[in-house]
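Structure assessment
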Amino acid sequence: MNDSDDTHHSPDQKVKDDQAAALIVAQVFIVFSGIYWFLQIESVRALLELAYG
Amino acid sequence: MSTAIFSNYSKTLITAAILLAALMFGYSDLLSTVYVGLEPVFMWSETTWFGYIGKNYGGIFAVIQAVHLLSMAVLGGAVIAGDGRVLGIVLRDVPVRTVVDRAHRIFVWALIVVVATGIFMACGVASKIYFLPVYWFKMLSLGAGTLFHFFIRRPLLRHDINQLNPIVVKMVAIASILVWFMVAATGRWIGFSG
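Just so it is clear, the model here is predicted, and its values are computed rather than measured.

With 17 residues of chain A at the interface, the matching set in chain B holds 25 residues. At 16 residues, helix α2 (residues 11-52) of chain A tops the list of elements feeding residues into the side of chain A that touches chain B. Here the side of chain A that touches chain B is built from residues that sort into eleven nonpolar, four polar and two charged.

Encoded structure:
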């Protein structure tokens, strides 16, 4: 195995890759959840306002 | 250079590409084509044995639903225990590795039961849930949560947790709790709809 392969598949590199992938997905989930639940709560609030003023 | 980046960050790049593809799918005409194409499958599922039993034997449906809800509670407990420990909120006197590994085992069994009982229940009310947007949000979050658990969270937490960036670890735990909360909440929502 050459040096390049050792670098590419080193445990440290694997950790960095796993962390970067996790960071991207976690950010997407947190932002999506925030927007989704904000819109749902807003819609319920608007409905309640229509019903009860 | 670009080959090195791809080689070093192959998982990150594939993950980003999948997220981008999912986003493009969500805003493309392909989504409505797939949605319309799935209607016959849902209508057919009501004619299967599962659909027949689900529609005509309320007692059996209720028992399966109870098992579904109990396994959902177990799954939620496993998520709260595992991610709560990662966040340092619960079970602080037990090593992270122990809690995460044991919670994972319980999570897998609970997920199998949730999916199996969920398929049975969906067959019984297929013509109703097909038209419920919240059902599709549940399927989206269930699929995303399952992929996230097995391909992102689990491989990440296999590493020595002290070696990982604490902010990333905490964000993963919060994202995990949020996605499974969404599965549970949208599931309950289906029960209240129609």
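In low-pLDDT regions, the fine details of the predicted coordinates are not to be read closely. The pLDDT averaged across chain A works out to 84; a share of 83% of its residues lies at or above 70. In this model, residues 1-7 of chain A is a region of pLDDT below 50 whose contacts with residues beyond four sequence positions or in other chains number two contacts.

Attention now moves to the nonpolar core. Of all hydrophobic cores here, the largest spans 34 residues; its most connected members are Ala22(A), Val25(A), Leu75(B) and Val179(B). At the level of secondary structure, the elements contributing two or more residues to this core comprise α2 of chain A together with α5 (58-86), α6 (96-124), α8 (133-158) and α9 (166-192) of chain B. Top element by residues in this core is α9(B). It accounts for ten residues. Excluding anything up to four places from it in sequence, Val179(B) contacts Phe29(A), Ser141(B), Ala144(B), Gly145(B) and Phe148(B). Residues Phe120(B), Ala122(B), Ile129(B) and Tyr135(B) belong to the second largest nonpolar core, which totals nine residues.

What counts and what doesn't
- Residues numbered from 1 in each chain as written.
- Chains lettered and ligands numbered in written order.
- Predicted model: local features only at pLDDT ≥ 70, side-chain atom pairs only at ≥ 80, totals over all residues.
- Contact = placed C-beta atoms within 7 Å.
- Helix = DSSP H or I, 4+ residues; strand = E, 2+ residues; numbered from the N terminus.
- Nonpolar A, V, L, I, M, F, W, Y, C, P; charged D, E, K, R; others polar.
- pLDDT = per-residue confidence, 0-100.
- Core = buried A, V, L, I, M, F, W, Y, C linked by C-beta atoms within 7 Å.
- Buried ≥ 20, exposed ≤ 12 C-beta atoms within 10 Å, placed from the backbone.

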